[in-house]
Amino acid sequence: MGFRKVLQERRIVLDVGHSENDKGAYSRFLGVSEFDYNNDVANIIVKKWDDKRATLLKNIRRDYMSLPDDLNVLDPYLIVSLHCNSFRDESANGTECLYFHKSSMGVKIANEFVSSFSKIGFRNRGPKPVKLGDRGHYQLRHTKATNVIVEPGFFSNEKDCAILEDKELIADTYIKTIKRLLDGKLWIWEKFWCRWM
Ligand SMILES: [Zn+2]
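All residue numbers refer to position in the chain's written sequence, counted from 1. Where local features are concerned, this predicted model is filtered to residues with pLDDT of at least 70; where side-chain atom pairs are given and counted, the filter is 80 or more; whole-chain, interface and lining totals use all residues.

## Structural notes on the packing of helix 2 (residues 34-48) against helix 7 (residues 167-184)
(1) Moving on: It is at 9 Å that the axes of helix 2 and helix 7 come closest, and there the two elements cross at 55°. Considering their axes alone, helix 2 and helix 7 lie oblique with respect to each other. Considering only the axes of helix 2 and helix 7, their crossing is right-handed. Side by side, helix 2 and helix 7 meet where Asp-40, Val-41, Ile-44, Ile-45 and Lys-48 of the first sit next to Lys-167, Glu-168, Ile-170, Ala-171, Tyr-174 and Ile-175 of the second.
(2) Moving on: Looking at the contact of helix 2 with helix 7 residue by residue, the class counts come to seven nonpolar, no polar and four charged. Every axis corresponds to a line fitted to the C-alpha atoms, with the helix fit spanning only the stretch in contact, and the corresponding angles, defined between N-to-C directions, vary from 0 to 180 degrees. Under the DSSP-based scheme used, a helix requires at least four consecutive residues in state H or I and a strand at least two consecutive residues in state E, with every element numbered from the N terminus. We call two directions roughly parallel when the angle between them is under 35 degrees, roughly antiparallel when it is over 145, roughly perpendicular when it lies between 65 and 115, and oblique otherwise. Two helices cross in a left-handed way if the nearer one is turned anticlockwise from the farther one by less than a right angle. They cross in a right-handed way if the turn is clockwise. This entry defines residue contacts through backbone-placed C-beta atoms, with two residues in contact when those atoms are within 7 Å. Throughout this entry, Asp, Glu, Lys and Arg are counted as charged residues, while Ala, Val, Leu, Ile, Met, Phe, Trp, Tyr, Cys and Pro are counted as nonpolar. The remaining residues, Gly among them, count as polar.

Here's what the structure looks like:
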């Protein structure tokens, strides 16, 4: 079944972090919440996407508990969750990407995202494995496809926000990275032998 699906449709979900009711972090530098910001970025990505090798779908969260099931129903090959970081110490900065600690494909894909975002000026904080009790664990543990949580920069850091302000650039960086993943076929292998469950 996995093989037939490779020949049919490859779906990649852009999962907008947080929700209409709980918008996540707010940036005083950008004057926007994580949800509104990433919803815009996801819309730009979907609008610009021109690669026939995969279909991009945007997901808006109903609530956190139903999120993994809602994502699984879409039957994607890859889930890219769009977030931004935030910390009370405003000097904290840089790009991070979270993956489920047992996912060998997750770490590879997370590494592609942080290296892309570091090329447009963010400090590379590296891929971050998520274990039981860590932020994002529930979602990453219960989604069937490889899921990474991308945090290009800090909403609480002025220099990061100067880059984040250019949503086209952020969207283009997501697009470039996803295309590079398709070139490498990294994500197809996961279906056959890298599943952790
Ligand atoms: Zn978030």
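## Overview of the confidence of the model for the chain
Detail in the predicted coordinates should be disregarded across regions flagged by low pLDDT.
(1) Moving on: Confidence along the chain averages 91 in pLDDT terms, with 89% of residues attaining 70 or more.
(2) Moving on: Within the model, pLDDT remains below 50 along residues 192-197, and this stretch shows eight contacts once partners closer than five positions in the same chain are excluded. Within a predicted model, pLDDT stands for the predictor's per-residue confidence, ranging from 0 to 100.

## Concerning the packing of helix 4 (residues 104-119) against helix 7
(1) Moving on: Packing of helix 4 against helix 7 brings their axes to within 10 Å, and their N-to-C directions diverge by 140°. As judged from the angle between their axes, helix 4 and helix 7 are oblique. Pair helix 4 / helix 7 crosses with right-handed handedness. Two secondary-structure elements touch here, helix 4 through Ile-109, Glu-112, Phe-113, Ser-116 and Phe-117 and helix 7 through Thr-173, Lys-176, Thr-177, Arg-180 and Leu-181.
(2) Moving on: Grouping the constituent residues of the contact of helix 4 with helix 7 by class yields four nonpolar, three polar and three charged.

## A look at the nonpolar core
(1) Moving on: Counting residues in each nonpolar core, the largest one holds 45 residues, and the members touching the most others are Cys-97, Tyr-99 and Val-148.
(2) Moving on: Looking at this core element by element, the count peaks at six residues for helix 4.
(3) Moving on: When near neighbours in sequence (up to four residues on either side) are disregarded, Cys-97 contacts Ala-110, Phe-113, Val-114, Pro-127, Lys-128, Val-148, Ile-149, Val-150 and Glu-151. In this usage, the nonpolar core is the set of buried Ala, Val, Leu, Ile, Met, Phe, Trp, Tyr and Cys residues whose C-beta atoms join them within 7 Å. Exposure in this text rests on C-beta crowding, where 20 or more other C-beta atoms within 10 Å of a residue's own make it buried, 12 or fewer make it exposed, and counts in between make it partly exposed. The C-beta atoms are placed from the backbone.

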